[in-house]
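Chain by chain, the residues:
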Amino acid sequence: MIYTMKKILLFVNLFLAMVICGCTSSGVTSSGQTSSTEKTDKIEKTGWNDADVALYATFFNKQLRNAGYTGFWWDCNDLINRKKLSCRQQIIDAIMAEYPEEEYSYKKTTAGFVEEDAFTAVHNMKTGWNLGNTLDASSYDWKKEGTDEVGWIIQWGEKDSKGKVTTKAFETAWGMPVTTQEMINYVKECGFNAVRVPCTWAEHIDEDNQVDPDWMKRVHEVVDYVMDAGMYCILNTHHDGWVCATENMYNKYSSRFESLWTQIAKEFEDYDERLIFASMNEVTDENDSWSPPQSVFEYINKWNQLFIDTVRGQGGNNAKRNLVISPRGCSGSDRDMQILDKVTDSVENHLIIEVHNYTPQGFCFNNATWTTMSAEWIPWQHEYDIRKDFEMYDRWQKRINKPVIIGEYAAFPKKYEDYR
């Protein structure tokens, strides 16, 4: 008994010595100086969190590359300052490091339309960027259609000599500069090979469902900027709130949607395979519900199917152009993705699925009131959350045999001190 107690005391003393030594090695050296590890721990992060966003960008793009997807960073002058033609280089470097030149060196060398399947197009797009808050800027409210009320851009925006609101008034309404070829060239120089051009059409369509020629001309110019820079371009319908996934809204506006996509497809019918059309953006029901009734999924499919059939019906290169369809709200959940295997196409292997991802929302967003905000990247937690999302996307890509793009992702830079 005494011998046993001595052994116990010996083990206790050894354990205490190890703990003391361990604390000393991580904090204080034998000479009493603070170690480099403790110094690092005591450094308080200040200023912008670009270093942490770069960690996010590295991990997220690693998942994209491993899965064979293309991601499009949502940007409103946070990542690339279009006015100054400057960028957050640390974040850009983190993105581009995941795409070695030897694997992603696609350059179009053949003139005209060259048919490529959807998986090939997604690979060739490499990594993409969103022209955010520009051609998608809007003051439209579908609930005010049929009344005398007009949007604030139409009411207060810059007007030409004939009293018509200029395209510039819309393009700059949400604080972005007028897009130029120089800006798009700079995006290319940063390493991106694809640009998503979000575009809202609602305030540019007349009572006969005809697109304003001035607006179509400006959209055409911006698409040309991207194509002339040698990049892929995705053009969509964005904040068109009249595209709602309900029986009432579909019956009311499907003819407008068909007319719109007929005009867009005709406008660009001769463009080569690098121009891709996307049906819609984050569409749900009239209440923007994230827990909608089952009928919503039926009408998401109807909008997607109408889009495909309309574009294919315009002939030219549209017959085999790659097209992008999306689930409700561009959500990649099991409930949302399961409907997309019911959409059909007249040609095989030319449909792409678009989802959006801002996981983890507390890190990616600046003001997510529904979760805990953080300016710091927490690997053990945040990486797990993103991996679960990608596992879900991968299940559906394999089931429906269509490639996936993340049409929007980003972590918006924040100041550490604002989130403590």
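The preceding data block contains the structure.
Not measured: the values here are computed from a predicted model.

S.K.: Could you clarify how one ought to interpret the overall build of the chain in this entry?
M.R.: Scanning the chain from terminus to terminus reveals 14 helices and 10 strands. Long-range contacts, defined here as pairs at least 24 residues apart, represent 79% of the contacts in the chain between residues at least 6 apart. For the chain, the computed accessible surface area is about 19,900 Å², with 51% contributed by carbon and sulfur atoms.

S.K.: In this structure, what is going on with the pairing of strand β6 (residues 232-236)? I would like to understand it.
M.R.: One face of the sheet, then the other: side chains in a regular strand alternate in exactly this way. Taking burial as the measure, the 5 residues of β6 include 5 buried ones, the bulk of the element. Burial of the side chains of β6 extends over both faces: Y232, I234 and N236 are buried on one face and C233 and L235 on the other. Summarising the sheet, strand β5 (residues 194-197) and β6 pair through 4 bridges and their orientation is parallel. In the strand pairing of β6, A194 is matched with Y232. In this fold, β5 hands off to helix α9 (residues 213-228), which returns the chain to β6; that crossover is right-handed. Bridging between β6 and strand β7 (residues 275-278) involves 4 bridges; their strand directions are parallel. Its bridge partner lying in β7, N236 is registered against A278.

S.K.: Just to check I follow, could you spell out the packing of aromatic side chains for this structure?
M.R.: Note on aromatic pairs: each is described by the distance of the centres and the angle between the planes. Enumeration over the complete set of coordinates arrives at 28 aromatic pairs. For the pair Y358 and F365, a centre-to-centre distance of 5.0 Å together with 35° between the ring planes defines the contact as tilted. Classification of Y358 by relative accessible area gives buried; the value is 12%. One aromatic cluster in this structure is built from Y56, F59, F60, Y69, W73, F363, W377, F390, Y393 and Y409. Over the ring of W48 we find R88; its NZ or CZ atom is 5.0 Å from the centre of that ring. Taking NZ or CZ as reference, K414 lies 5.0 Å from the ring centre of F363, over its face.

S.K.: What exactly am I supposed to notice about the pairing of strand β1 (residues 70-73) here?
M.R.: Burial along β1 is two-sided: T70 and F72 and G71 and W73, pointing in opposite directions, are all buried. For β1 and strand β10 (residues 404-409), the ladder comprises 3 bridges, and the chain directions are parallel. Residue pairing for β10: T70 is matched across the bridge by I405. The pairing of β1 with strand β4 (residues 128-130) spans 2 bridges and is parallel.

S.K.: Hey, could you run me through helix α14 (residues 379-400) in this one?
M.R.: The α-helix winds at 3.6 residues per turn, so residues separated by three or four positions along the chain end up facing the same way. A rise of 1.5 Å per residue sets the reference length of α14, with its 22 residues, at 32 Å; its end C-alpha atoms lie 31 Å apart and thus fit the reference within 8%. If you check which residues of α14 are buried, you get H382, I386, D389, F390, M392, Y393, W396, Q397 and I400. Seen along its axis, α14 keeps its buried residues to an arc of 150°; they face one direction. The exposed residues of α14 that point more than 90 degrees off its buried face are W380, K398 and R399. Considering only its buried residues, α14 is in contact with α3 (50-67), α5 (118-125), α12 (334-337), β9 (351-356), α13 (361-364) and β10. After α14 finishes, the residue N401 shows a positive phi value of roughly 55°.

S.K.: Would you mind showing me how to read the environment of A111 here?
M.R.: When you line up the elements, A111 lands in the loop between α4 (89-96) and α5. We classify A111 as exposed; its relative accessible area is 71%. The spatial distance from the C-alpha of A111 to the C-alpha of D272 is 8.3 Å, given a sequence separation of 161 residues.

S.K.: Just checking my understanding: could you explain unusual backbone geometry for this structure?
M.R.: Most peptide bonds take the trans configuration, and most residues that are not glycine carry a negative phi. At the junction of T359 and P360, the peptide bond is cis and its omega measures out at -5° in the coordinates. Along the chain, P360 falls in the loop between β9 and α13. Of note in the backbone geometry, N133 takes a positive phi value of approximately 55° without being a glycine. Note that N133 resides in the loop between β4 and α6 (152-156).

S.K.: I'm lost on the sheet that holds β6 in this one. Help?
M.R.: The sheet built from 8 strands closes into a barrel, its strands ordered β1-β4-β5-β6-β7-β8-β9-β10 with parallel pairing. Adjacent strand axes in the sheet meet at a mean angle of 25° when their direction is disregarded. In the packing of helix α10 (residues 247-267) onto the sheet, the strands contacted are β6 and β7, and the crossing angle to β7 comes to about 175°.

S.K.: When you look at the pattern of salt bridges in this model, what are you seeing that I'm missing?
M.R.: When the charged atoms of two side chains with opposite charge come close together, those side chains can pair. What the rule picks out here adds up to 24 salt bridges. Notably, a salt bridge pairs K107 with E101, separated by 3.8 Å at the nearest N-O pair. Here K107 falls in the exposed class, since its relative accessible area comes to 58%. Assessed through its relative accessible area of 47%, E101 is described here as partly exposed. Through salt bridges with shared partners, one network takes in K45, D52 and E376.

Definitions and limits used
- Residues numbered from 1 in each chain as written.
- Predicted model: local features only at pLDDT ≥ 70, side-chain atom pairs only at ≥ 80, totals over all residues.
- Heavy atoms only, no water.
- Helix = DSSP H or I, 4+ residues; strand = E, 2+ residues; numbered from the N terminus.
- Contact = heavy atoms within 4.5 Å.
- Areas by Shrake-Rupley, 256 points an atom, 1.4 Å probe, with all protein chains shown as cover.
- Buried < 20%, exposed > 50% of the residue type's maximum accessible area, 1.4 Å probe, protein only.
- Pairing = 2+ DSSP bridges.
- Right-handed = clockwise from strand over helix to strand, strands pointing away.
- Phe/Tyr/Trp six-rings, centres within 6.5 Å; stacked < 30°, edge-to-face > 60°.
- Lys NZ or Arg CZ within 6 Å of the ring centre and 35° of its normal.
- Expected span 1.5 Å × (residues − 1).
- Arc of directions from axis to C-beta.
- Axes fitted to C-alpha atoms, helices over the stretch in contact; angles between N-to-C directions.
- Salt bridge = Lys/Arg side-chain N within 4 Å of Asp/Glu carboxyl O.

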